[in-house]
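Residue-level structural notes
One letter stands for each residue in the lines below.
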Amino acid sequence: MLDKLKAEQRFEDEIFKSRIEIQEQALKNVSWELHDNIGQLLSTAVMQINIMSTNIDAKASESLLDVRKLVGDSLQEIRNLSKTLNHEVIQNVGLEKSIRVELKRFEKLNFLTTKFEVKGEEVHIDPKDEIILYRIVQEFFSNSIKHAEASNMYVELSYTPEQLKITIQDDGVGFDMKSVQANSGLLNMKSRATLVKATFDLETAPEKGVLLILSYPIKA
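Below: a short report on this structure. For clarity, every value in this text was computed on a predicted model and none was experimentally measured. (Residues numbered from 1 in each chain as written. Predicted model: local features only at pLDDT ≥ 70, side-chain atom pairs only at ≥ 80, totals over all residues. Heavy atoms only, no water.)

1. Things to note about the overall build of the chain
Let me state the cut-off plainly: Numbering of helices and strands starts at the N terminus; helices are DSSP runs of H or I of at least 4 residues and strands are runs of E of at least 2. Three labels apply to residues, based on accessible area from a 1.4 Å probe with only protein chains included: buried if under 20% of the type maximum, exposed if over 50%, partly exposed otherwise in between. Note on contacts: a residue pair qualifies if any of its non-hydrogen atoms lie within 4.5 Å across the two residues. The method behind every accessible area is Shrake-Rupley, applied with a 1.4 Å probe, and residues are considered shielded solely by the protein chains displayed.
A tally of regular secondary structure across the chain gives six helices and five strands. For the chain, the N- to C-terminal ordering of α and β elements is α-α-α-α-β-α-β-β-α-β-β. Expressed as a percentage of its 220 residues, the buried residues of the chain come to 40%. Within the chain, residue pairs in contact and separated by at least 24 positions form 71% of the contacts whose partners lie at least 6 positions apart. Summed over its atoms, the accessible surface of the chain is roughly 12800 Å², and 55% of this surface lies on carbon and sulfur atoms.

2. Observations concerning the pairing of strand 3 (residues 163–170)
To keep it simple, the criterion reads: By this definition, two strands are paired if DSSP reports at least two bridges between them.
Across seven bridges, the pairing between strand 2 (residues 152–159) and strand 3 is antiparallel. When the bridges of strand 3 are listed, Glu-156 appears paired with Thr-167. Counting the residues in the hairpin turn of strand 2 and strand 3 gives three residues.

3. Quick notes on the pattern of salt bridges
Basically, it comes down to this: What counts as a salt bridge is simple: a side-chain nitrogen of Lys or Arg found within 4 Å of a carboxyl oxygen of Asp or Glu.
The final tally for this structure, using the stated rule, is four salt bridges. In this structure, the salt-bridge partner of Lys-119 is Glu-156, at a minimum N-O distance of 3.2 Å. With Lys-119 in strand 1 (residues 113–119) and Glu-156 in strand 2, this pair connects stretches of sequence that are 37 residues apart. Glu-156 gets classed as buried once you look at its relative accessible area, which sits at 10%. Where Arg-192 meets Glu-139, a salt bridge forms, and the shortest distance between an N and an O atom there is 3.3 Å. In this pair, Arg-192 is assigned in helix 6 (residues 184–195) and Glu-139 in helix 5 (residues 127–148), connecting sequence segments 53 residues apart. The burial state of Arg-192 is the same as that of Glu-139; both residues are buried.

4. Some words on the packing of aromatic side chains
Put simply, the test is: The pairing test for Phe, Tyr and Trp rings, Trp by its six-membered ring, is centres within 6.5 Å, and the orientation test on the planes gives stacked under 30 degrees, edge-to-face over 60, and tilted for anything in between.
Taken as a whole, this structure holds one aromatic pair when the rule is applied. Aromatic side chains Phe-106 and Phe-141 sit 5.6 Å apart centroid to centroid with 85° between the ring planes, which places their arrangement in the edge-to-face category. With Phe-106 in helix 4 (residues 95–108) and Phe-141 in helix 5, this residue pair connects regions lying 35 residues apart in the sequence. Accessibility assignment for this pair places Phe-106 and Phe-141 in one class, buried.

5. Some thoughts on the nonpolar core
We count it as follows: Among buried residues, the Ala, Val, Leu, Ile, Met, Phe, Trp, Tyr and Cys ones that are joined through side-chain atoms within 4.5 Å form a nonpolar core.
Residues Ile-99, Phe-141, Leu-164, Ile-168 and Phe-200 are the most contacted members of the largest nonpolar core, which totals 38 residues. Only helix 4, helix 5, strand 2, strand 3, helix 6, strand 4 (199–204) and strand 5 (210–217) provide two or more residues apiece to this core. The element best represented in this core is helix 5, accounting for nine residues. Not counting the four nearest positions on each side in its chain, Ile-168 is found in contact with Val-137, Phe-140, Phe-141, Met-153, Tyr-154, Val-155, Val-210, Leu-211 and Leu-212.

6. Looking at the environment of Gln-163
Tracing the sequence through the fold places Gln-163 in strand 3. Gln-163 has contacts with Ser-158, Ser-215, Tyr-216, Pro-217 and Ile-218, leaving out every residue within four places of it along the chain.

None of this, on its own, says anything about what the molecule does.
Here's what the structure looks like:
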């Protein structure tokens, strides 16, 4: 009984930790997008306003419409980003959509060229398990961006009635598995996979990219 209570407490602690880490990553993403997207939009709007202030003529109304559109686009970007700050986002939209959002962000910021495929019919997953699975995926993404020097990333969700298989592969520099067995990021991903009873298989070698396969058993 005591062991069961300890296991449940460890699981809840990991859920809490993963939520915080997801939120922290979302904040980093917001800073990237503020710089690359909203900053650019607002700068263009300022240029338009400056032109109008020194050259008011019959075309002013048309220019004003352009400025209004730019400001509207900026506001929409802000609304979209505010949604990512909610640490419950994974529970609200689900694993598949959360991954899509992350990959689209990488494309928009020119970090990676991505491909995402979903096979089989989506199966309901415990929302708490989804948080853990998403955090593993997010950590893989983060490592690819920071260390792998990858140009392309492929992600596949494959559903069967018995399991969800998540496959992620990048074409980065890879690494020697023997030299990073104690790597905290790798150990964290393995540990989290164990918590949700998922198998964790990672294959890599120098200059060969990284392949991750997560197999999560569907609970009846």
